[in-house]
Amino acid sequence: MKRSIIIILIISLLLVPFPVQAAEPNTIPGNESFTGGAFIPSDAPEITGTTGIVMDMDTGDILYEKDCHRRAEPASTTKLLTAILAVDNLNPSDLITVKDGALEGISYDAVRIWLSPGETMPVSDLLYALLLPSANDAANVLAMAVAGTVPSFVVKMNETAEALGCKDTHFTNANGLPDPQHYTTAYDMALIARAAYSRSRIRDVLATPAYWIPATNMAEERELWTTNYLLYDVTDVYYDACTGGKTGYTEEAGNCMVAFAEKYGRRLVSVVFHCPGPNDRFIDSKALLEFCFEEYHRIHPLEGFTLSGQNDKDANDPVSGTSGEGTSGTSETGTSDKGSTGTSGLSTAVLGNYYARLPHALPEYSVDTSLSIYARSSVAAGDIQKEITLKLDKYKGTAGEVKLTYLNRALATIPILMDRTRLDEDLETLAAMEAGTIRPRGDGNAELPATRSEILRSVLEESIPRLMFCILAAALLVVGTVIIAHFRRKRRVRISRYFGDGPVAAVDPEAAAAEEERKKAREALRRLEDSGVGTPRPKPAPGEKHPTDDGIVDSGERVPRHSVKPVKEPDTTKQPESTKKPESTKQPESTKKPVSTKQPETIDDIEDSGEKSAKRSRIPSTKEKLRKKRPAESIDDITDEG
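Position numbers for residues count from 1 along each chain, tracking the sequence in the order it is written. Local features in a predicted model are, by the rule used here, given only for residues with pLDDT of at least 70; side-chain atom pairs are given and counted only at 80 or more, and totals for whole chains, interfaces and linings are based on all residues. Think of the side-chain values as coming from all heavy atoms in the structure, minus any hydrogens and water.

A. Main features of the overall build of the protein. Regarding its fold elements, the protein presents 15 helices and 17 strands. Each residue is placed in one exposure class: buried if its accessible area under a 1.4 Å probe, protein chains only, is under 20% of its type's maximum, exposed if it is over 50%, and partly exposed if it falls in between. Split into buried and exposed, the 642 residues of the protein put 39% on the buried side. Secondary structure elements follow DSSP: runs of H or I no shorter than four residues count as helices, runs of E no shorter than two count as strands, and numbering proceeds from the N terminus.

B. Structural context of a nonpolar patch on the surface. Patches here are clusters of residues that have more than 30% relative accessible area and form no salt bridge, with a 9 Å joining cutoff for like charges and a 5 Å cutoff for nonpolar side chains (Val, Leu, Ile, Met, Phe, Trp, Tyr). Residue burial considers only the protein chains on display, and all accessible areas are found by Shrake-Rupley using a 1.4 Å probe. Take a side-chain nitrogen of Lys or Arg and a carboxyl oxygen of Asp or Glu: if they are within 4 Å of each other, that pair is a salt bridge. On the surface, a nonpolar cluster with roughly 580 Å² of combined accessible area is contributed by Leu 456, Leu 460, Ile 464, Leu 467, Met 468 and Ile 471. Here Leu 456 is to be found in helix H11 (residues 452-499).

C. Spotlight on the packing of helix H2 (residues 79-89) against helix H5 (residues 150-163). Every angle, taken between N-to-C directions, lies between 0 and 180 degrees, and every axis is a line fitted to C-alpha atoms, over only the stretch in contact when it is a helix. At a minimum axis distance of 10 Å, the contact between H2 and H5 shows a crossing angle of 100 degrees. The angle between H2 and H5 places the two elements in the roughly perpendicular class. Here Leu 81, Thr 82 and Leu 85 of H2 come into contact with H5, specifically with Phe 153, Lys 156, Met 157, Thr 160 and Ala 161. Charged means Asp, Glu, Lys or Arg here, nonpolar means Ala, Val, Leu, Ile, Met, Phe, Trp, Tyr, Cys or Pro, and polar covers whatever is left, Gly included. For the contact of H2 with H5, a count of residues per class yields five nonpolar, two polar and one charged. Note on terminology: angles under 35 degrees are roughly parallel, angles over 145 are roughly antiparallel, angles of 65 to 115 are roughly perpendicular, and the others are oblique. Contacts: residue pairs with any heavy atoms within 4.5 Å of one another.

D. Region of the structure containing the pairing of strand E7 (residues 242-250). Most of E7 sits out of view: seven of its nine residues are buried. Should DSSP find at least two bridges between two strands, the strands are taken to pair. Sheet topology places E7 next to strand E8 (residues 254-263); eight bridges connect them, and they run antiparallel. Looking at E8, one finds that Gly 244 is bridged to Phe 260. Where E7 hands over to E8, the hairpin turn is made up of three residues, counted between the paired strands.

E. Representation of H2 in the model. When you tally the buried positions in H2, you get nine out of eleven residues, the bulk of the element. Those residues of H2 that fall on the buried side of the exposure criterion are Lys 79, Leu 80, Leu 81, Thr 82, Ala 83, Ile 84, Leu 85, Ala 86 and Val 87.

F. Region of interest: the pairing of strand E6 (residues 222-225). Every second residue of E6 is oriented toward a common face, the buried set being Arg 222 and Leu 224 and the non-buried set Glu 223 and Trp 225. Relative to E6, strand E5 (residues 210-213) runs antiparallel, the two sharing four bridges. Within the sheet, the bridge partner assigned to Ala 210 lies in E6 and is Trp 225.

G. Highlighting unusual backbone geometry. Even without glycine at this site, Ser 134 takes up a positive phi of about 70 degrees. For Ser 134, the position within the fold is in the loop between helix H3 (123-131) and helix H4 (136-147). Unlike most non-glycine residues, His 274 shows phi in positive territory, near 60 degrees. Turning to its location among the elements, His 274 is positioned in strand E9 (residues 266-275).

H. Just helix H8 (residues 280-295), in detail. Compared with the 22 Å implied by 1.5 Å per residue over 16 residues, the 22 Å span of H8 between its first and last C-alpha is a close match. Buried within H8 we find Arg 281, Phe 282, Asp 284, Ser 285, Leu 288, Leu 289, Phe 291, Cys 292 and Phe 293. Helices are assigned an expected span. That span is 1.5 Å times one less than the residue count.

I. Up close: the pattern of salt bridges. Scanning all chains against the criterion turns up 13 salt bridges. Glu 119 is paired through a salt bridge with Arg 222; the nearest N and O atoms lie 3.0 Å apart. Of this pair, Glu 119 sits in the loop between strand E3 (95-97) and strand E4 (120-122) while Arg 222 sits in strand E6; the two residues are 103 residues apart in sequence, bridging distant segments of the chain. Glu 119 gets classed as buried once you look at its relative accessible area, which sits at 1%. Among the residues examined, Arg 222 registers a relative accessible area of 10% and is labelled buried. Two residues, Arg 526 and Glu 523, come together in a salt bridge whose shortest N-O distance is 2.8 Å. A residue pair is termed a helical-turn pair when its members lie 3 or 4 positions apart in one helix, as Arg 526 and Glu 523 do in helix H12 (residues 509-530) at three residues.

J. How the structure looks around the nonpolar core. Residues belong to one nonpolar core when they are buried, are Ala, Val, Leu, Ile, Met, Phe, Trp, Tyr or Cys, and are joined through side-chain atoms within 4.5 Å. Ile 53 and Leu 80 are the most contacted members of the largest nonpolar core, which totals 67 residues. At ten residues, helix H6 (residues 186-197) tops the list of elements feeding residues into this core. Other than its neighbours up to four places away in sequence, Ile 53 contacts Ile 62, Tyr 64, Glu 65, Cys 68, Ala 186, Tyr 187, Ala 190, Val 269, Ser 270 and Val 271. With 25 residues, the next largest nonpolar core counts Leu 63, Ala 259, Val 272 and Phe 291 among its residues.

K. Summary view of the sheet that holds E7. Spatially, E2-E1-E9-E8-E7 is the arrangement adopted by the five strands of the open sheet, whose pairing is antiparallel. Of all the strands in the sheet, the pair left with one neighbour each is strand E2 (62-66) and E7. Averaged over neighbouring strand pairs, the angle between their axes works out to 10 degrees when direction is ignored. In this sheet, E9 lies alongside strand E1 (residues 51-56) in antiparallel orientation, the contact comprising six bridges.

L. Molecular detail of the sheet that holds strand E13 (residues 385-393). Pairing is antiparallel in the open sheet, where four strands are placed in the order E11-E15-E14-E13. One side of each edge strand has no neighbouring strand; the edge strands of this open sheet are strand E11 (364-366) and E13. Neighbour-to-neighbour, the strand axes of the sheet open up by a mean angle of 25 degrees, direction not taken into account. Summarising the sheet, E11 and strand E15 (residues 409-419) pair through three bridges and their orientation is antiparallel. Bridging across to E15, Tyr 365 finds its partner in Met 418.

This is the structure in structure tokens:
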């Protein structure tokens, strides 16, 4: 019952119109939007990597993706997350001493700068060793400096990845060496790379082609070169827009690449995994970045757009169905080549007179014009159609919305915000005024009466929909409760029909057998009395229990002994009137024994009352006189005399 009521309440709450966020824009007009599946523009370059993505680092927009949610081993691109934790928890000038356990798990042929236990090096130099040549020993040293042990550092890595929004990432080490449980996706790595690029210290290191580590207490000067060939102008894959990157390679992961680039005031990051050749990762990254820079641009479709600045040449023309606060669903649309709405008389006839019946200040309307969306380079801001829909929503505090479309494709929906501060102040003043008071309108065009009835009517127009909804919800709740109670009652009736009104008590076999024996004995006595053979027992004195034939105190029940022989059933047929024995003569009062005023009539009544009395007084027969001379000792004697 409680569960049913809770379900009905939840359904009722779901029907309440709560505020809803505006729809997210489709940032790729003319192409399929990114929804988690493969999104490859028809003219995008083909890549050799099995998975890839291009993301705007400032807005998070996806410009290209190929199976970006497919799991892949990241190899040394893992070190970008290691660098994030090192920068956030250590100072660049901190001196780190290499511990003995820092070099465990690193094979001889893995990339390293050959750090030795006991060697001391600043954090800044370890960062260059981590990101330029991708030294695995530097990764472990930084991990132990941050968390004490590598496993503890790995826990922090996974927590940070989850905080950045990664949905399918799990790391088991700080350097990216092969492990079946060490994986990520192109999308998750783009989020990590975006976070790394936001740290200026990491950004500076990634943009450095070469670096020299000064001599330490245990080693000479070390020369470091980046593995990102996009930064070298002497290579065939040089890309002048590239501002940094991180490579990775293992036999299991293949050739991986994270590349950063800036151009036209935009910052993009590309990720490609599992490329077949070492140069393929650079070719794929360069092709994707250049394609997205040249074929996409960011536009501001609402730049210069205002509601109050619309065409008011027909401001005095009436707009049907737009007077009063209760207006909803009325829309006036129109577009121009410059991107401004050409709705006739919109601002004055509709927005300006939204509350024209009462003399008070008008609400202030505004639209957020800072929206920017990505579009193909051939699409200009003026090509985006704007459609205004007027619909008052008191829950969201909006008066409508502006819908942006391109070639009949919805791009974004921008709400028309409504500021009621001055309006509410005037309404409070009007409510306190006496009926019939006249106050000039704010625009000075007319004087209108502000009566209490008008204010009450406007308040009722707002409250009636809510009241009706509450009544409907309460009615649904009551009906649902009644229906559920009805079915529960029918179910109980069906159960009681088959199983009784309550639980069935357990049956003791021995007690049942004893009860059956007692029933048989009582039946035998009843037959004897009906045949006139039974001898009534005298009534015991008050407070005294009469002993039975065998000397046992009578408890009100007949329990035959096990030695009783089967009783031969006498003929119970009714005797004719001529054979009936005459009733006994009335005895003198002096010889009568005191008897109770009401005697039981049958053996059942005798047992229920706990007394022994004669069925009725009658003249004893000759056989009975003989029996009185020798009274029966027990039920066995009665049975034998038959």
